[in-house]
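Fold and contact review
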Amino acid sequence: MTREEFLERLHGRENFGRAVLNKIEIDKDKRRCEFTLVTDAAYTPEDEAFAEKLAREAVPASLAVSVKISKLVADAQLVRHKIVEYLSQNHRAAAAFVTAEDIGVEQSGGTVRFTFGVDEEEKRFFETRGIVEGVAAMLENSFCNKFEGALVYKDKGEIPDETEETDEDDEPLDYRPARTFKIHDFEPIDFADVPKVATYIKDCTFRSTSLTVCGKIEFIQERTSQKGKPYLRFTVSDPTARMSFSYFIKKKTEEKVRALQPGDWIVCTGENEFFNDRLSFTARYVNRGNPPPDFVPEKLPTKAVPAHYKVVAPEKLTDYNQMNLFDRSVIPDCLKENTFVVFDLETTGLVNIPTNGKMDAITEIGAVKIIDGEIRERFTTLVNPERALSEEIVKLTGITDDMVKDAPKIGEVIPDFYKFCDGCFLVGHNVQFDYRFIQYYGAQEDYAFEQKTFDTLSIAQSELFLKNYKLDTIADHYGIVFNHHRACDDALTTAKIFIELIKAKKCLPNA
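Heads up: these notes are all about the structure in this document.

Definitions and limits used
- Residues numbered from 1 in each chain as written.
- Predicted model: local features only at pLDDT ≥ 70, side-chain atom pairs only at ≥ 80, totals over all residues.
- Heavy atoms only, no water.
- Helix = DSSP H or I, 4+ residues; strand = E, 2+ residues; numbered from the N terminus.
- Buried < 20%, exposed > 50% of the residue type's maximum accessible area, 1.4 Å probe, protein only.
- Contact = heavy atoms within 4.5 Å.
- Pairing = 2+ DSSP bridges.
- Axes fitted to C-alpha atoms, helices over the stretch in contact; angles between N-to-C directions.
- Salt bridge = Lys/Arg side-chain N within 4 Å of Asp/Glu carboxyl O.
- Phe/Tyr/Trp six-rings, centres within 6.5 Å; stacked < 30°, edge-to-face > 60°.
- Lys NZ or Arg CZ within 6 Å of the ring centre and 35° of its normal.
- Core = buried A, V, L, I, M, F, W, Y, C linked by side-chain atoms within 4.5 Å.

This part is about the overall build of the chain. Along its length, the chain carries 16 helices and 20 strands. In terms of principal-axis extent, the alpha carbons of the chain reach across some 90 × 65 × 45 Å. Within the span of the chain, comprising 511 residues, buried residues form 43% of the whole. A separation threshold of at least 6 residues defines the contact pool for the chain, and within that pool the share at least 24 residues apart is 66%.

Rendered as structure tokens:
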């Protein structure tokens, strides 16, 4: 049977009407031939059996046959990612000057059109090497669509102004690779020929037609589909997260699968696809297996700095008081040569480490930026803590439930604050107390705050002789008047104190 005959018969089946034969691999040692098919339609176990029977007819009897089927839809982000990946592997020079932001993707019917934004020199480079044609061929072998590519002129001589309106699609895509671990003590139940590497459950945030996870069973429930077909609903967890998924029972493995109990570790391979606008995992195969002995999850790299502010943008700050307070002639170089973000938080309480109890929430973030030795920018916002405020906190801060009910949540604010702090040292009064809140809530959104910090409390203790070192006591020493227990006022006052302390010290601590 020729390749054309195989595809003609395959396309005769409804769910494989636009399927492509991605590749055929032959393992001579195992005497096995594997067909990899890609379809853009949902397929059934009967469709799988049909494809396996067809492959069996196409291969000599001396070879074992297996068929791997992937459901893949050509959405713009996935196509763009495939193109970037192809260029990085096959045309490194092109990948150096064409980024994901230079690639346009539009779909009309069954045809997907992609464009590369290039200047005149880059255009000649693409044309002489046939890169557009190569990309189109790669995409047509990966997706069930017709692809057409073109080069469009893009002037790359100017850097866009941060203050101009920009397209949200300019945001850097999150290309952090999913973390994986090797599966130990694998014991087949359903199907032995599955990946022996599992993805961390926390990292299963992408579409995949062949995703493998390894988790400990927490709960099993039997259900029946609308068509009367029995299936099991598993809840499993690994050291990073928990997930629930469905598995349709197969007669040949029913007894072994039903023998599984909470506490058992299992390995599951299946599809992670969108259902009702959210990712949903459905297992095709369930086997036994464990993570490595003494498994400790590796740290997830931080997300990239957002390209643009989305919820809270900084504003220029003009504080006329600092013109009288600061003498430019005595500001040390260490202040002029570095950029500092001085910040303060208001919170619902004092618990800033999860091991000490339920984490308290942030109700306000106030920060100012010191550039070239001057306080130039301000970042301030109330934060919805998603809980009622105590009378004590209301009296202390003046922040009420009504004030924060329409404020953004911390998960919406953290990306903007991460951007504001990028490339800066962080400063605070008793800074580690507030910094732990920022690190905790940053980690919930995969932003790692790892900046060096300076503490005005400890610097003041080394430089000044006062009855105590509370913020208002040090402010009184320098004649600074402010509204205590509001984050932005506290941050501005702390910044002024920091500048005065470093002027006296003439260097940064530990410098």
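The strand order across the open sheet formed by 3 strands is S4-S5-S6, and the pairing between neighbours is mixed. Looking at which strands have only one partner, the edges of the open sheet turn out to be strand S4 (103-108) and strand S6 (146-153). Geometrically, the sheet is characterised by an average inter-axis angle of 20 degrees between neighbouring strands, direction not taken into account. Bridge count between S4 and strand S5 (residues 111-118): 6 bridges; the pairing is antiparallel. Bridging across to S5, serine 108 finds its partner in threonine 111. Set on the sheet, helix H3 (residues 76-90) makes contact with S4, S5 and S6; between it and S4 the angle comes to about 135 degrees. Docked against the sheet, helix H6 (residues 131-142) engages S5 and S6, running at close to 150 degrees with respect to S6.

Moving on to the pattern of salt bridges. In a structure, side chains of opposite charge can pair up when their charged atoms sit close to one another. Summed over the entire model, instances satisfying the criterion amount to 26 salt bridges. Ionic pairing is found between arginine 258 and glutamate 222, a salt bridge with its closest N-O pair at 2.6 Å. One end of the pair, arginine 258, is in helix H7 (residues 254-258); the other, glutamate 222, is in strand S10 (residues 208-224), and 36 residues separate them in sequence. The class of arginine 258 is partly exposed, set by a relative accessible area of 36%. Residue classification places glutamate 222 among the partly exposed residues on the basis of a relative accessible area of 44%. Within the structure, one salt-bridge network assembled from shared partners comprises Arg9, Lys53 and Glu57.

Let's shift gears to the packing of aromatic side chains. Taken as a whole, this structure holds 24 aromatic pairs when the rule is applied. Considering the side-chain rings of phenylalanine 234 and phenylalanine 245, the 5.6 Å spacing of their centres and the 20 degrees angle between planes classify their relative orientation as stacked. Here phenylalanine 245 lies in strand S12 (residues 241-248) and phenylalanine 234 lies in strand S11 (residues 230-238), a separation of 11 residues in the sequence. The exposure classification of phenylalanine 234 matches that of phenylalanine 245, with both residues buried. Each residue in the set Phe343, Phe379, Phe417, Tyr418, Phe420, Tyr447 and Phe449 is aromatic and connected to the rest through ring pairs, giving one cluster. When the ring centre of phenylalanine 186 is taken as reference, the NZ or CZ atom of lysine 196 above it lies at 4.6 Å.

On the secondary structure map, leucine 10 appears in helix H1 (residues 3-11). Taking the C-alpha atoms as reference points, leucine 10 and leucine 21, 11 residues apart in sequence, are found 9.6 Å from one another. When near neighbours in sequence (up to four residues on either side) are disregarded, leucine 10 contacts Phe16, Ala19, Leu37, Phe50 and Leu54.

Looking now at the nonpolar core. One finds Phe340, Ile370, Ile375, Ile497 and Phe498 to be the most contacted residues of the largest nonpolar core, which totals 28 residues. Elements represented by at least two residues in this core include exactly helix H9 (333-336), strand S16 (340-347), strand S17 (362-371), helix H14 (456-463), helix H15 (471-478) and helix H16 (487-505). Counting 27 residues, the second-largest nonpolar core is a separate cluster that includes Phe420, Cys421, Val431 and Tyr447.

Moving on to the sheet that holds strand S19 (residues 425-428). Spatially, S15-S18-S17-S16-S19-S20 is the arrangement adopted by the 6 strands of the open sheet, whose pairing is mixed. Two strands in the sheet have a free side with no partner beyond their single neighbour: strand S15 (315-316) and strand S20 (453-455). Alignment of S17 against strand S18 (residues 374-382), held across 8 bridges, turns out to be antiparallel. Paired with glycine 366 across the strands is threonine 380, a residue of S18. Its contacts with the sheet place helix H12 (residues 410-421) against S16, S17, S18 and S19, and it is angled at close to 10 degrees to S17. Running at roughly 85 degrees to S16, helix H13 (residues 431-444) makes contact with S16, S17, S19 and S20 of the sheet.

A few words now on the pairing of strand S14 (residues 278-290). In terms of strand pairing, strand S8 (residues 184-187) meets S14 through 2 bridges, oriented antiparallel. Counterpart to histidine 184 in the pairing with S14 is asparagine 290. Across 2 bridges, S12 lies against S14 in parallel orientation. Bridging across to S14, serine 246 finds its partner in threonine 282. Where strand S13 (residues 265-275) lies against S14, 10 bridges are found, and the strand directions are antiparallel. In the strand pairing of S14, glutamate 273 is matched with serine 280.

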